[in-house]
Amino acid sequence: MSRSAHPAGPRHADVMSDGHYLAPADDLNVLDEKVWSRTVTRDEHGAVTVGGLTVSRLAEEFGTPAYFLDEADFRARCRAWSDAFGPGADVFYAGKAFLSRAVVRWLREEGLNLDVCSGGELATALDAGMPAERIAFHGNNKTVEEIERAVAAGVGRIVLDSFQEIVRVAHIAQGLGKRQRVQIRVTVGVEAHTHEFIATAHEDQKFGIALAGGQAAEAVRRALTLDGLELVGIHSHIGSQIFDMAGFEVSARRVVQLLAEVRDEHGVELPEIDLGGGLGIAYTSEDDPREPHEIAKSLGDIVTRECEAAGLATPRISVEPGRAIVGPTAFTLYEVGTVKPLEGLRTYVSVDGGMSDNIRTALYDAEYSVALASRTSDAEPMLVRVVGKHCESGDIVVKDAYLPSDLAPGDLIAVPATGAYCRSMASNYNHALRPPVVAVRDGEARVIVRRETEEDLLRLDVG
Ligand code: LLP
């Protein structure tokens with residue numbers, strides 16, 4: 001599908017809300033490998049398959065809506081990231097994108113580390129056997145109880161996010177007779193080109209301690225004086241779903257500058273810098289994400305160059321990709337319930353899920369693609385909006401897309417690139433039952449997070 005300035009004569013209905021014209025792909029049956037996980041293809045009957053299993057069979061066995069996660073692709077992406085960064089750097093998978101015990105085991109086996117940001121994520125990581133020293137603990141308001149559990153478990157690092165937290169973690173560690181390895185999260189003042197709600201390095205937001213006005217330098221000063229802390233580095237995360245490497249480069253440069261200031265003031269060279277996550281993925285054919293080796297090279301080069309200029313030994317770099325690892329590995333499979341053509345506008349296709357399994361479209365205006373998955377069709381393309389079954393008109397899964405005009409109730413459609421921040425942000429709105437996550441690999445499918453049941457809902461309702 002391609003989005004361009006209006007060519008001659010688009011139908012009024014095909015002019016999108018952002019003023020662009022969305023042209024249908026030449027052949028709607030073709031699955032663009034940019035947005036589908038690696039083992040996805042169509043079988044000889046035209047049905048979409050993943051890991052060798054057709055969606056019709058998967059839907060029969062596991063129901064819809066459901067997320068199908070391509071385990072081979074997930075593991076390949078883990079390896080691509082750790083190979084790209086090499087043994088001199090560390091890759092932390094950001095668990096907030098999607099976390100389950102199986103995911104933790106895959107990460108452990110593939111040699112990745114794990115970034116958690118809540119007691120729940122920490123509990124999942126430890127329960128599934130992630131060694132504590134490979135866990136980083138994040139968050140702008142970790143509770144005392146969460147900090148105690150993290151320190152007691154022996155997490156490899158806690159990323160400090162405020163002046164209060166510096167003292168809080170030091171106090172807790174000391175009380176437990178420990179010296180906790182910590183990094184300080186700084187706000188580098190970069191405007192990342194992404195949705196406002198997921199940009200995190202400009203000054204007017206809640207995360208980190210600003211480099212501006214000497215705040216971060218003061219945080220370092222305080223952390224260095226506290227016995228309970230071992231300050232090992234500086235952390236910066238500039239936002240999410242970012243394609244342009246320029247923001248990361250500015251961030252790396254400013255973090256290295258701080259390391260040089262710390263060396264000058266305290267005679268200490270902090271050995272680590274973490275440049276966060278945030279690398280974008282392809283949700284539609286229009287998106288052009290960077291490959292891990294390009295990212296590793298560009299970050300490595302800039303840090304090395306800046307450190308050389310400042311006379312510093314190059315610190316150990318770490319990164320925290322979440323979306324870029326799990327995002328492309330899953331699709332959501334829905335069954336079409338109703339098809340409602342609105343004359344002169346578009347056709348509304350209602351599916352059996354919606355904003356409860358993918359809030360991203362409503363929340364960030366996110367764009368997704370969609371394909372007819374249970375069969376192919378040579379019917380004319382029709383402009384559609386894929387909507388859910390919830391009680392509001394903003395319940396949109398795919399805002400603008402084309403599907404074949406013979407689409408009918410009972411067809412299965414699949415929305416690719418839903419591995420990140422869909423199941424993890426799913427809700428029970430309208431008492432929807434959150435869908436399962438099914439891992440598929442080499443002809444076998446296995447539920448890794450089961451579908452919720454009405455009993456699950458009622459169990460919490462103790463009134
Ligand atoms: N590190 C830190 C400190 C973070 O806060 C995040 C994401 C990551 C790493 C991973 O970022 P990623 O590589 O996945 O972009 N719910 C939003 C995204 C929020 C991201 C929050 N922090 C979405 O659906 O787009």
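The rules behind the values
- Residues numbered from 1 in each chain as written.
- Predicted model: local features only at pLDDT ≥ 70, side-chain atom pairs only at ≥ 80, totals over all residues.
- Heavy atoms only, no water.
- Near = heavy atom within 4 Å.
- Polar contact = N/O pair within 3.5 Å; in protein donor to acceptor, adjacent residues only side chain to side chain.
- Areas by Shrake-Rupley, 256 points an atom, 1.4 Å probe, with all protein chains shown as cover.
- Domains from an automatic or database assignment.
- Salt bridge = Lys/Arg side-chain N within 4 Å of Asp/Glu carboxyl O.
- Helix = DSSP H or I, 4+ residues; strand = E, 2+ residues; numbered from the N terminus.
- Pairing = 2+ DSSP bridges.
- Buried < 20%, exposed > 50% of the residue type's maximum accessible area, 1.4 Å probe, protein only.
- Arc of directions from axis to C-beta.
- Contact = heavy atoms within 4.5 Å.
- Phe/Tyr/Trp six-rings, centres within 6.5 Å; stacked < 30°, edge-to-face > 60°.
- 1 Å grid on protein atoms, 1.4 Å probe; cavity = no way out; pocket = protein on both sides within 12 Å on 5 of 7 lines; lining within 4 Å.
- Points joined across faces, edges and corners; volume = space filled by probe spheres on them.
- Nonpolar A, V, L, I, M, F, W, Y, C, P; charged D, E, K, R; others polar.
- Axes fitted to C-alpha atoms, helices over the stretch in contact; angles between N-to-C directions.
- Parallel < 35°, antiparallel > 145°, perpendicular 65-115°, else oblique.
- Left-handed = near helix turned anticlockwise from the far one by under 90°.

With that settled, consider the site of the ligand. Close to the ligand lie 19 residues, the nearest being S240, E320, R360, Y364 and Y421. At a separation of 2.6 Å, a nitrogen atom of the ligand approaches a polar side-chain atom of E320. Relative to its free-state accessible area of 580 Å², the ligand is covered by the protein chains to the extent of 92%. Split by domain, the residues of the shell around the ligand number at least three in each of domain 1 (3-70 + 328-460) and domain 2 (138-321).

Right, let's talk about the pattern of salt bridges for a bit. Following the criterion strictly, the structure yields 30 salt bridges and no others. Here R316 makes a salt bridge to D90, at a shortest N to O gap of 2.7 Å. With R316 in strand 15 (residues 316-319) and D90 in strand 7 (residues 89-94), this residue pair connects regions lying 226 residues apart in the sequence. Between E145 and R149 there is a salt bridge, with its nearest N and O atoms 3.6 Å apart. In this pair, E145 and R149 both sit in helix 5 (residues 144-153), four residues apart, roughly one turn of the helix. Linked through salt bridges whose partners overlap, the residues forming this network are E71, R75, R79, E109, E110, R441 and D442.

Whether parallel or antiparallel, the strands of a sheet pair through hydrogen bonds between backbone atoms. Judged by pairing direction, the sheet is antiparallel, and its three strands sit side by side in the order 3-4-5 without closing on themselves. Of all strands in the sheet, those bounded by a partner on one side alone are strand 3 (41-42) and strand 5 (53-54). Of the pairings in the sheet, the one linking strand 4 (residues 48-50) to strand 5 comprises two bridges and is antiparallel in character. Paired with T49 across the strands is T54, a residue of strand 5.

It is worth spelling out unusual backbone geometry at this point. A cis geometry characterises the amide bond from T64 onward to P65, with omega recorded as -10°. You can see P65 is positioned in the loop between helix 1 (55-62) and strand 6 (66-70). With a phi angle near 55°, H431 is a residue other than glycine that sits in the positive phi range. Mapping H431 onto the fold places it in the loop between strand 21 (412-416) and strand 22 (437-441).

Restricting attention to buried positions, one finds in helix 1 the residues V55, L58, A59 and F62. Looking down the long axis of helix 1, one finds its buried residues gathered within 100° of arc, a one-sided arrangement. Two residues or fewer after helix 1 comes G63, characterised by a positive phi angle close to 80°.

What follows concerns the environment of L342. Secondary-structure assignment places L342 in strand 16 (residues 330-342). With a relative accessible area of 34%, L342 lands in the partly exposed category. When the C-alpha positions of L342 and E33 are compared, they lie 32 Å apart, and in sequence the two are 309 residues distant. When sequence neighbours within four positions are dropped, the list of residues in contact with L342 reads T347 and Y348.

Turning our eyes to something else, we now look at the pairing of strand 21. The element strand 21 is largely enclosed, with a buried count of five among its five residues. Of the two faces of strand 21, both are covered, the one formed by L412, A414 and P416 as well as the one formed by I413 and V415. Examined bridge by bridge, strand 16 and strand 21 share five bridges and lie antiparallel to one another. Residue pairing in the sheet places T332 in a bridge with V415 of strand 21.

Counted under the stated rule, the structure contains seven aromatic pairs. Between F62 and F68 the ring centres are 6.3 Å apart and the planes differ by 65°, which places this aromatic pair in the edge-to-face class. As far as burial versus exposure is concerned, F62 and F68 are alike and both buried. When the ring of Y283 is compared with that of Y368, the centres are 5.0 Å apart and the planes differ by 75°; the resulting orientation is edge-to-face. Linking Y283 in the loop between strand 14 (272-274) and helix 9 (292-310) with Y368 in the loop between helix 11 (360-364) and strand 18 (371-372), this pair joins segments that are 85 residues apart in sequence. Each of the two residues, Y283 as well as Y368, counts as buried. What links up through ring pairs into an aromatic cluster is the set W36, F62, F68 and F331.

Taken as a whole and assessed by the stated rule, the structure comprises two cavities of 30 Å³ or more. Taken as a whole, the largest cavity encloses approximately 50 Å³ of empty space. Lining of the largest cavity is provided by Y67, L69, F98, A330, T418, G419, R423 and V437. Of the residues belonging to the lining of the largest cavity, the class tally is five nonpolar, two polar and one charged. One number sums up the size of the second largest cavity: a volume of about 40 Å³. Taken together, I242, F243, M245, L279, G280, P289, R290 and I295 form the lining of the second largest cavity. The residue makeup of the lining of the second largest cavity, split by class, is six nonpolar, one polar and one charged.

Attention shifts here to the packing of helix 4 (residues 119-127) against helix 5. Packing of helix 4 against helix 5 brings their axes to within 10 Å, and their N-to-C directions diverge by 25°. Classified by the angle their axes make, helix 4 and helix 5 are roughly parallel. Considering the relative orientation of helix 4 and helix 5, their crossing is left-handed. Here G119, L122, A123 and L126 of helix 4 lie close against helix 5, whose contacting residues are E146, R149, A150 and A153. A class-by-class count of the residues in the contact of helix 4 with helix 5 yields five nonpolar, one polar and two charged.

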